[in-house]
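Chain by chain, the residues:
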Amino acid sequence: SNRCEVRATRFQPDMNHNIDKALSLEPDLVIISFPSNDAASSYLAEESAYNLLLMRDMLAREDVATVIIGAQPRNMSTDKQKLLIELDVLLAERMKACLVKVYQPLVDSAGNLSASFDAGDGVHMNDAGHAIVFDALREMLTPSSANTCFSS
């Protein structure tokens, strides 16, 4: 089944890779990551945030812990890069400690994916970039008094 109606002008859910499929696997934790494609397609940050938070809310109703990995820098126009920053702001307001922020350590002074972390296309990260994301995610998932993400 499909839990939500998606406007015909948008890509439709892939029934083998959507929230319903994730829930059918009875997960304890879901990690959501949509780092830059919406901004590259000029979708408003509000729409992107709404969609990510809707998935988080669907998971929460089933008592599934959820972490969202924030926006990642990408080599594209300044207007589209601003959408990524705006998305992180909107997600941080709602996700608090459950947002893995990776934008700042990956971005260069021009707002692009830093050459140090670029796999070569200005979009995808190399191993060093993936290590930054992995370390930030591991830090969030490591129990500590400072981590309030999964506290009740």
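Each chain carries its own residue numbering, running from 1 in the direction its sequence is written. Given that this is a predicted model, residues contribute local features only at a pLDDT of at least 70 and side-chain atom pairs are listed and counted only at 80 or more, while totals for whole chains, interfaces and linings are drawn from all residues. Think of the side-chain values as coming from all heavy atoms in the structure, minus any hydrogens and water.

Visitor: Can you tell me about helix α4 (residues 78-95), naming the residues and giving the values?
Guide: Secondary structure elements follow DSSP: runs of H or I no shorter than four residues count as helices, runs of E no shorter than two count as strands, and numbering proceeds from the N terminus. Multiplying 1.5 Å by the helix residue count minus one yields the expected span of that helix. With 18 residues, α4 should cover 26 Å at 1.5 Å per step; its first-to-last C-alpha distance of 25 Å lies within 8% of that length. Residue exposure (1.4 Å probe, protein chains only): buried if accessible area is under 20% of the type maximum, exposed if over 50%, otherwise partly exposed. Of all the positions in α4, only Q81, L83, L84, L87, D88, L91, A92 and M95 are classed as buried. Contact between two residues is taken to exist if any of their heavy atoms lie within 4.5 Å; hydrogens are not considered. Here the buried face of α4 lies against α2 (37-40), α3 (45-61), β2 (65-69), β3 (99-100) and α5 (103-106).

Visitor: Now, about the pattern of salt bridges: what can you tell me, with residues and values included?
Guide: One side chain can pair with another of opposite charge once the charged atoms of both are near each other. In the sections that follow, a salt bridge refers to a side-chain nitrogen of Lys or Arg positioned within 4 Å of a carboxyl oxygen of Asp or Glu. Evaluation of the coordinates by the stated rule reveals three salt bridges. Across the salt bridge formed by R138 and D135, the nearest N and O atoms sit 2.9 Å from each other. With R138 and D135 both in helix α6 (residues 127-141) and three residues apart, this pair spans about one turn of that helix. Salt bridges sharing partners connect three or more residues here, namely R56, D57 and R94.

Visitor: Tell me about the sheet that holds β3, and please be specific about residues and values.
Guide: Pairing within the open sheet is parallel, and its three strands lie in the order β1-β2-β3. Taken across any chain shown, the strands that pair with only one partner, and hence form the sheet edges, are β1 (29-33) and β3. Sheet topology note: the β1/β2 ladder contains five bridges and is parallel. Directly across from I32, in β2, lies its bridge partner I68. α3 contacts β1 and β2 of the sheet and is inclined by roughly 175° relative to β1. If DSSP finds at least two bridges between two strands, the strands pair. Angular values range over 0 to 180 degrees, each being the angle between N-to-C directions of two axes fitted as lines to C-alpha atoms, with helices fitted over their stretch in contact.

Visitor: Tell me about the confidence of the model for the protein, and please be specific about residues and values.
Guide: Every residue carries a pLDDT, the predictor's confidence in it, which falls somewhere between 0 and 100. When pLDDT is averaged across the protein, the result is 90; 91% of the residues are at 70 or more. When pLDDT is averaged over each helix and strand of the protein, the minimum, 92, is found for helix α1 (residues 19-24) and the maximum, 97, for α5.

Visitor: Hey, could you go over the nonpolar core for me, with residue numbers and the actual values?
Guide: Generally speaking, soluble globular proteins have nonpolar side chains that are buried together. Here, nonpolar core means buried Ala, Val, Leu, Ile, Met, Phe, Trp, Tyr and Cys residues that are tied together by side-chain atoms lying within 4.5 Å of each other. With 37 residues, the main nonpolar core has L59, I68, L87, L91, V100 and L106 as its most contacted residues. Within the residue set of this core, elements represented by two or more residues are α1, β1, α3, β2, α4, β3, α5 and α6. Sequence-distant contacts of L106, defined by excluding residues within four places in its chain, comprise Q72, P73, N112, L113, S114, F117, M125, G129, I132 and V133.

Visitor: An account of α6 is requested, with residue identities and associated values reported.
Guide: The end-to-end C-alpha distance of α6, which contains 15 residues, comes to 21 Å, matching closely the 21 Å that a straight helix rising 1.5 Å per residue would cover. Every buried residue belonging to α6 is among G129, V133, L137 and M140, and all of these are buried. Looking straight down α6, one finds that the buried residues subtend no more than 70° of arc, so they occupy a single side. Turned more than 90 degrees away from the buried face of α6 sit D127 and E139, all of them exposed. In this structure, the buried side of α6 is in contact with β1, β2, β3 and α5. The definition of a polar contact used here is a pair of N or O atoms within 3.5 Å, where within protein one atom must be able to donate a hydrogen and the other to accept one, and adjacent residues in sequence count solely through side-chain atom pairs. Capping of α6 at its N-terminal end is provided by N126; its side-chain oxygen lies 3.0 Å from the backbone amide nitrogen of A128. The directions from the helix axis to the C-beta atoms are what the arc is built from.

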